[in-house]
Amino acid sequence: MSALRLSTGELAARLPGLRAGDRVLLNGTIYTARDAAHQRLFQLLDQGAPLPFDLKGAAVYYAGPTPGQQGMAVGACGPTTAGRMDAFAPRLLDLGLAAMIGKGERGPAVVDAIVRNGACYFAAVGGAGALIARCIRTAQPIAFHDLGCESVKRMEVEDLPLTVAIDSLGNDLFKQGRAEYQAAGGAHASASVRL
């Protein structure tokens, strides 16, 4: 199956047509945020203060890229386990976040919020941070600079390889993978599927 080239500027229009398992090459602007940054974003929301970027139609990558070297925008930039942001995701999705990028499964409340908002969760390949860095053209810290690698960054990406893990209808690649494994008579049918 070939990968679909997708621009972040057209996420809202294109997400309804994506299905769990689809391969995507993402282009455009994304923002990084991990646990500490999410806590700070929530503090701003609770105070009624503006966020450092517009959530409407945005894509957040759960990553803390290391500093770039030899002309690279960033060093390693692998995905963080997305479940660590499950407590934050529903509210951000309800405020207009279109897509999340990470690794691993999401909880039921996140899946419900994805469906409710017609959003999407993309999986990036864990352990491939140095390869992912090659897809990042620029990385500009825009908030919470004291967090270092975990500050919020605006990144421009080119052909960032992703897989649709949970689509806007709630189809979940992790559950589908386990079901297919069980149907094939897998020896460890309860084993978690990893992307």
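Quick caveat, the model's predicted, so the values are computed rather than measured.

Undergrad: What am I meant to see in the overall build of the protein chain here?
TA: Looking only at helices and strands, one finds 6 helices and 7 strands in the protein chain. Ordering the α and β elements of the protein chain from the N terminus gives β-α-β-α-β-α-β-α-β-α-β-β-α. Rg of the C-alpha trace for the protein chain: 16 Å, near the compact-globule value of 16 Å for 195 residues, within the 12% margin. Principal-axis analysis of the C-alpha atoms gives the protein chain an extent of 50 × 40 × 30 Å. Taking the contacts inside the protein chain whose residues are at least 6 apart along the sequence as the reference set, 60% of them involve residues at least 24 apart. Taken as a whole, the protein chain presents about 9000 Å² of accessible surface, with 52% of it coming from carbon and sulfur. Taking the 19 positively charged and 17 negatively charged side chains of the protein chain as two groups, their mean positions are separated by 3 Å.

Undergrad: How should the nonpolar core be read in this particular structure?
TA: By size, the foremost hydrophobic cluster in this structure holds 33 residues, and its most contacted members are Leu93, Leu97, Met100, Ile114 and Tyr121. Among the elements of the structure, helix 2 (35-47), helix 3 (89-94), helix 4 (108-117), strand 5 (120-123) and strand 7 (152-166) are those that each provide at least two residues to this core. Ile101, Ala124, Met155 and Leu160 belong to the second largest nonpolar core, which has 27 residues in total.

Undergrad: What am I meant to see in helix 4 here?
TA: Because an α-helix completes one turn every 3.6 residues, residues spaced three or four positions apart along the sequence face the same direction. By the burial criterion, the buried members of helix 4 are Val110, Val111, Ala113 and Ile114. The arc that holds every buried residue of helix 4, seen down its axis, measures 160 degrees, which confines them to one face. Exposed and oriented more than 90 degrees from the buried face of helix 4 are Pro108 and Arg116. For helix 4, the elements touching its buried residues are helix 3, strand 4 (99-102), strand 5 and strand 7. Just downstream of helix 4 lies Gly118, where phi reads positive at about 60 degrees.

Undergrad: Help me understand the packing of aromatic side chains in this model?
TA: Each pair of aromatic rings is reported with the distance of its centres and the angle of its planes. The tally for this structure, following the rule as stated, stands at 2 aromatic pairs. Plain terms: the ring middles of Tyr31 and Phe53 are 4.1 Å apart, the flat faces sit at 10 degrees to each other, and that makes the pair stacked. One end of the pair, Tyr31, is in strand 2 (residues 23-32); the other, Phe53, is in the loop between helix 2 and strand 3 (59-61), with 22 residues separating them in the sequence. Pair check on accessibility: Tyr31 and Phe53 agree, each one buried. Across from the ring centre of Phe42, 4.9 Å away, lies the NZ or CZ of Arg91, which sits over that ring. A cation over an aromatic ring shows up here: Arg106 above the ring of Tyr121, its NZ or CZ 4.9 Å from the ring centre.

Undergrad: Teacher, can you tell me more about the side chain of Thr8 here?
TA: Secondary-structure assignment places Thr8 in the loop between strand 1 (4-7) and helix 1 (11-14). Residues contacting Thr8, with those up to four places away along its chain left out, are Leu26, Asn27, Gly28, Thr29, Ile30 and Gly57.

Conventions we followed
- Starting afresh in each chain, residues are numbered from 1 along the sequence in its written order.
- For a predicted model such as this one, the threshold for reporting local features is a pLDDT of at least 70, and the threshold for listing and counting side-chain atom pairs is 80 or more; totals across whole chains, interfaces and linings nevertheless cover every residue.
- Water and hydrogen atoms play no part in the side-chain values, which are based on all heavy atoms of the structure.
- The way it works is that DSSP assigns letters per residue, a run of H or I at least four long becomes a helix, a run of E at least two long becomes a strand, and they are numbered from the N terminus.
- Radius of gyration: over C-alpha atoms. The globule rule applied is 2.2 Å multiplied by the number of residues raised to the 0.38 power.
- Any two residues whose heavy atoms approach within 4.5 Å are treated as being in contact.
- Residue-level accessible areas treat just the shown protein chains as cover; the underlying method is Shrake-Rupley with a 1.4 Å probe.
- In this tally, Asp and Glu contribute negative charge and Lys and Arg positive charge; neither His nor the terminal groups of the chain are included.
- Charge placement uses NZ in Lys and CZ in Arg. For Asp and Glu, CG and CD serve respectively.
- What is meant by a nonpolar core is a set of buried Ala, Val, Leu, Ile, Met, Phe, Trp, Tyr and Cys residues, joined one to another through side-chain atoms within 4.5 Å.
- The buried label applies to any residue whose accessible area, calculated with a 1.4 Å probe on protein chains only, is under 20% of its type's maximum; exposed applies above 50%, and partly exposed to all values in between.
- What the arc covers is the set of directions going from the helix axis to the C-beta atoms.
- Side-chain rings of Phe, Tyr and Trp, where Trp is taken by its six-membered ring, are said to pair if the distance between their centres is within 6.5 Å; with planes under 30 degrees apart they count as stacked, over 60 as edge-to-face, and otherwise as tilted.
- Criterion for a charge above a ring: Lys NZ or Arg CZ within 6 Å of the ring centre, and within 35 degrees of the ring normal.

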